[in-house]
Amino acid sequence: MAGLQVSPRFSKGTDEATALSSLQSLLSSEGGRWTLTSEGEGLERSFKFKTFAKTWDFMTAVSLQCKVKNHHPEWSNVYNTTFIRWTTHNPKGLSTKDLELASLCDSIAKDFGEVEPEPVTCEIRNLADSATVSAGDCCTPKK
Ligand SMILES: C[C@H](O)[C@H](O)[C@H]1CNC2=NC(N)=NC(=O)C2=N1
């Protein structure tokens, strides 16, 4: 695929043709703002706001959508910046929910007055990574 550094890895059962077209409009290589993670199994970007209050309001709005869709992000926050990664743990890979929620984050952020984000720093990504490890297995469907 032209302009794609990493190939997306979709989770099992994803309609790849549909997913690819929604993915393209999200990617920074295609004019969007999201980047594929190194293995292509997730989408990530940072969001920045003027104040912590706006940042927290944005996160609250995102969390309500997470409840509706029963899907959670791997995310971290420091002051006015929130780093968000969308990936599906089970079945592993990028799913339609990830794409939908990434796009929803874009529109919610706009509503909350997003400002130009800084490039993603290792620190804020590592914060999300370590939270993910300590969260344990949250995504194995209960029988
Ligand atoms: C049973 C339920 O569908 C799962 O626990 C859901 C909940 N939210 C989830 N969120 C994410 N990001 N990945 C998952 O695999 C996932 N699984």
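Before any of the text, the structure's been laid out above.
Residues numbered from 1 in each chain as written. Predicted model: local features only at pLDDT ≥ 70, side-chain atom pairs only at ≥ 80, totals over all residues. Heavy atoms only, no water.

*Asks:* Now, about the overall build of the protein: what can you tell me, with residues and values included?
*Replies:* For the protein, the helix and strand inventory stands at four helices and five strands. In the protein, the succession of α and β elements from N to C terminus is α-β-β-α-β-β-β-α-α. Its C-alpha atoms give the protein a radius of gyration of 15 Å, within 12% of the compact-globule value 15 Å for 143 residues. Judged by the C-alpha coordinates and their principal axes, the protein covers about 40 × 40 × 30 Å. Each of the 143 residues in the protein was classed as buried or not, and the buried ones make up 39%. Expressed as a percentage of contacts within the protein between residues at least 6 apart in sequence, the contacts between residues at least 24 apart total 68%. With an accessible surface of roughly 8,100 Å², the protein has 55% of that area assigned to carbon and sulfur atoms. The positive charge centre, built from 16 side chains, and the negative charge centre, built from 18, are 4 Å apart in the protein. (Helix = DSSP H or I, 4+ residues; strand = E, 2+ residues; numbered from the N terminus. Rg over C-alpha atoms; globule rule 2.2 N^0.38 Å. Buried < 20%, exposed > 50% of the residue type's maximum accessible area, 1.4 Å probe, protein only. Contact = heavy atoms within 4.5 Å. Areas by Shrake-Rupley, 256 points an atom, 1.4 Å probe, with all protein chains shown as cover. Lys, Arg positive; Asp, Glu negative; His and termini not counted. Charge placed at Lys NZ, Arg CZ, Asp CG, Glu CD.)

*Asks:* Describe the layout of surface pockets, naming the residues involved and giving the relevant values.
*Replies:* Of the voids in this model, the largest pocket is the one considered here, and its volume is about 300 Å³. Every residue lining the largest pocket is counted, 14 residues in all, and those nearest its centre are Asn70, His71, Asn90, Lys97 and Cys139. The element contributing the most residues to the lining of the largest pocket is strand 4 (residues 81-89), with three residues. Per-class residue counts for the lining of the largest pocket are four nonpolar, nine polar and one charged. Roughly 220 Å³ of volume is contained in the second largest pocket. Taken together, Thr37, Ser38, Glu39, Glu41, Gly42, Glu74, Arg85, Thr87, Thr88, His89 and Lys92 make up the full set of residues lining the second largest pocket. (1 Å grid on protein atoms, 1.4 Å probe; cavity = no way out; pocket = protein on both sides within 12 Å on 5 of 7 lines; lining within 4 Å. Points joined across faces, edges and corners; volume = space filled by probe spheres on them. Nonpolar A, V, L, I, M, F, W, Y, C, P; charged D, E, K, R; others polar.)

*Asks:* Please give an account of helix 3 (residues 96-111) that cites residues and values.
*Replies:* Counted at 1.5 Å a residue, the expected span for helix 3 with its 16 residues is 22 Å, and the 23 Å between its end C-alpha atoms agrees. Restricting attention to buried positions, one finds in helix 3 the residues Asp98, Leu99, Leu101, Ala102, Cys105, Ile108 and Ala109. The inward-facing, buried residues of helix 3 contact helix 1 (16-26), strand 2 (42-48), helix 2 (52-69), strand 4 and strand 5 (92-93). Phi turns positive, to about 75 degrees, at Gly113, one or two residues after helix 3. (Expected span 1.5 Å × (residues − 1).)

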